[in-house]
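Descriptive structure summary
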Amino acid sequence: VNRAPDHLSGLGDDETDERGIHISEQHLPGAVVLTVRGDVDMLTAPSLEQALTAAVDEKPAALVVDLSRVDFLASAGLAALAGAMQQCGEQITLKVVAHQRTVLRPLEITGLDSQLQVCSSQAEALETC
Amino acid sequence: MTERRELSAPPALHCRIPAVAEQLPALRHALREWAVRLGLGADDVEDLTLAGYEAMANVVAHAYGGEPGQLELRAECDPDKGLAVVTVSDQGQWRPPSPAPGPLHGRGLPLIRQLGHAEIDNSDGGTTVRMAWKLPG
């Protein structure tokens, strides 16, 4: 499903999914930053997938997915991240920002933390871009 | 509810609902609330909530092959064993896990197993996932 990027973007107003996920997209030189808030579960993961696909389509050097304000991350969200990892391939560096256990623990258990670059802050993720 | 509620376990949670994704957030919140009232530590509360959710999500995604069906959630204490036990069951048929799960899916069961020390009982009549956490104290 192709969704126009501007449906998600905007620095001010976040597009709010009625099911409890907020995703905003920010364009920086060399990087697209997706900031996700709320719960990523089987209901909301498709919104994240769409946002990730739209961001990958822009072919930035780096795609930063900031999950530091995510309260719940289920396997459907992990699948969305794994899908983005595949889409990014060698061309786009995918980085995840998270410092809280609710996000880090599922990443660790499933081994995704060793396949993705996990940074503890957005600044850190962007510094190394 | 007594004043010293850490000494009296909250009532068991038990519900039977249609196995659809829209039902799960409310059940997840109820599970979390139950675990908090039980006095489990913050990490266990998180683990129980996620493992419980994943077990229910598996029922929604796999048990009934797109047909309507029921999901049963039970959360109760086993004081003899000192355990908080969460059971999720269905009367469907899980698709057998593929021997080499694709890169995109197949992360639910590892989460359930690792977070909840789960036992999974698969039979013709359905599947029951039983997960347990040590009670505080």
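Structure shown above.
This is a predicted model, so every value here is computed, not measured. (Residues numbered from 1 in each chain as written. Chains lettered and ligands numbered in written order. Predicted model: local features only at pLDDT ≥ 70, side-chain atom pairs only at ≥ 80, totals over all residues. Heavy atoms only, no water.)

Turning to the pattern of salt bridges, a few remarks are in order. Per the counting criterion, the structure on display carries nine salt bridges over all chains. Among the salt bridges present, the one from Asp43 of chain B reaches Arg101 of chain A, with a minimum N-O distance of 3.4 Å. Remark: Arg101 of chain A occurs in helix 3 (residues 101-109) and Asp43 of chain B occurs in helix 2 (residues 42-63); the pair is interchain, linking two chains. According to the relative accessible area criterion, Asp43 of chain B is partly exposed, its value standing at 41%. A salt bridge links Arg101 of chain A to Asp47 of chain B, with the shortest nitrogen-to-oxygen separation between them at 3.1 Å. Here Arg101 of chain A is found in helix 3, whereas its partner Asp47 of chain B is found in helix 2 on a different chain. Connected through salt bridges with shared partners, the residues Arg101 and Arg105 of chain A together with Asp43, Glu46 and Asp47 of chain B form a single ionic network. (Salt bridge = Lys/Arg side-chain N within 4 Å of Asp/Glu carboxyl O. Helix = DSSP H or I, 4+ residues; strand = E, 2+ residues; numbered from the N terminus. Buried < 20%, exposed > 50% of the residue type's maximum accessible area, 1.4 Å probe, protein only.)

Let's shift gears to the sheet that holds strand 4 (residues 119-123) of chain B. Residue and element names in this part refer to chain B. Reading across from one edge, 1-2-3-5-4 is the order of the five strands in this open sheet, with antiparallel pairing throughout. Two strands bound the open sheet, and with one partner strand each, they are strand 1 (13-18) and strand 4. Along the sheet, successive strands turn relative to each other by an average axial angle of 10 degrees, direction set aside. Most of the contacts of helix 1 (residues 24-38) go to strand 2 (residues 70-78), to which it runs at about 5 degrees, and overall it touches strand 1, strand 2 and strand 3 (83-90). (Pairing = 2+ DSSP bridges. Axes fitted to C-alpha atoms, helices over the stretch in contact; angles between N-to-C directions. Contact = heavy atoms within 4.5 Å.)

Moving on, we get to the interface of chain A and chain B. The interface is formed by 21 residues belonging to chain A together with 25 residues belonging to chain B. Taken together, both faces of the contact between chain A and chain B bury some 1900 Å²; the carbon and sulfur share is 63%. Connecting chain A to chain B are six salt bridges. Across the chain A-chain B interface, the total number found is eight residue pairs in polar contact (both at pLDDT 80 or more). Mapped by element, the contributors of at least two residues to the side of chain A that touches chain B are strand 4 (62-73), helix 2 (75-88) and helix 3 of chain A. A total of six residues in the side of chain A that touches chain B trace back to one element, the largest contributor, which is helix 2 of chain A. When grouped by side-chain class, the residues that make up the side of chain A that touches chain B number eleven nonpolar, five polar and five charged. (Buried area = accessible area lost by both parts, 1.4 Å probe. Polar contact = N/O pair within 3.5 Å; in protein donor to acceptor, adjacent residues only side chain to side chain. Nonpolar A, V, L, I, M, F, W, Y, C, P; charged D, E, K, R; others polar.)

Another aspect to go through is the packing of helix 2 of chain B against helix 3 (residues 108-116) of chain B. Residues and elements named next belong to chain B. At a closest axis distance of 9 Å, the pairing of helix 2 and helix 3 adopts a crossing angle of 145 degrees. Helix-helix and strand crossings are classified by hand; for helix 2 and helix 3 the assignment is left-handed. Between helix 2, through Asp47, Leu50, Ala51, Glu54, Ala55 and Asn58, and helix 3, the contact on the second element is made entirely by Gly108, Leu109, Leu111, Ile112, Leu115 and Gly116. In terms of residue class, the contact of helix 2 with helix 3 is built from seven nonpolar, three polar and two charged. (Left-handed = near helix turned anticlockwise from the far one by under 90°.)

Quick look at the pairing of strand 3 (residues 31-40) of chain A now. Regular strands place side chains that alternate from one sheet face to the opposite one. All names here are of chain A. Counting buried positions over the ten residues of strand 3 gives nine, a clear majority of the element. Both strand 2 (residues 21-28) and strand 3 contribute to a ladder of eight bridges, which runs antiparallel. Paired with Gln26 across the bridge in strand 3 is Val33. Linkage of strand 2 to strand 3, two consecutive antiparallel strands, is achieved through a turn of two residues, within which Gly30 is found at a positive phi near 85 degrees. With nine bridges connecting them, strand 3 and strand 4 associate as parallel partners. Residue pairing in the sheet places Val33 in a bridge with Val64 of strand 4.

Let's shift gears to helix 1 (residues 45-57) of chain A. Residue and element names in this part refer to chain A. Taking 1.5 Å as the rise per residue, helix 1 with 13 residues should run 18 Å; its terminal C-alpha atoms sit 18 Å apart, in good agreement. Every buried residue of helix 1 is accounted for by Ala45, Ser47, Leu48, Ala51, Leu52, Ala54, Ala55 and Val56. In the core, the buried residues of helix 1 are packed alongside strand 2, strand 3, strand 4 and helix 2. Once helix 1 finishes, Lys59 follows within two positions and takes phi at roughly 50 degrees, a positive value. (Expected span 1.5 Å × (residues − 1).)

Attention now moves to the nonpolar core. Formed by 69 residues in total, the largest nonpolar core has its most connected members in Val36 and Leu63 of chain A together with Leu71, Val86 and Met131 of chain B. Among the elements that take part in this core, helix 2 of chain B stands out by supplying ten residues, more than any other. When residues no more than four places from it in sequence are discounted, the contact partners of Val86 of chain B are Leu31, Trp34, Leu48, Leu73, Arg74, Ala75, Val129, Arg130, Met131 and Trp133 of chain B. The next biggest cluster of nonpolar side chains, apart from the first, holds five residues, and it includes Val33, Val64, Cys119 and Ala125 of chain A. (Core = buried A, V, L, I, M, F, W, Y, C linked by side-chain atoms within 4.5 Å.)

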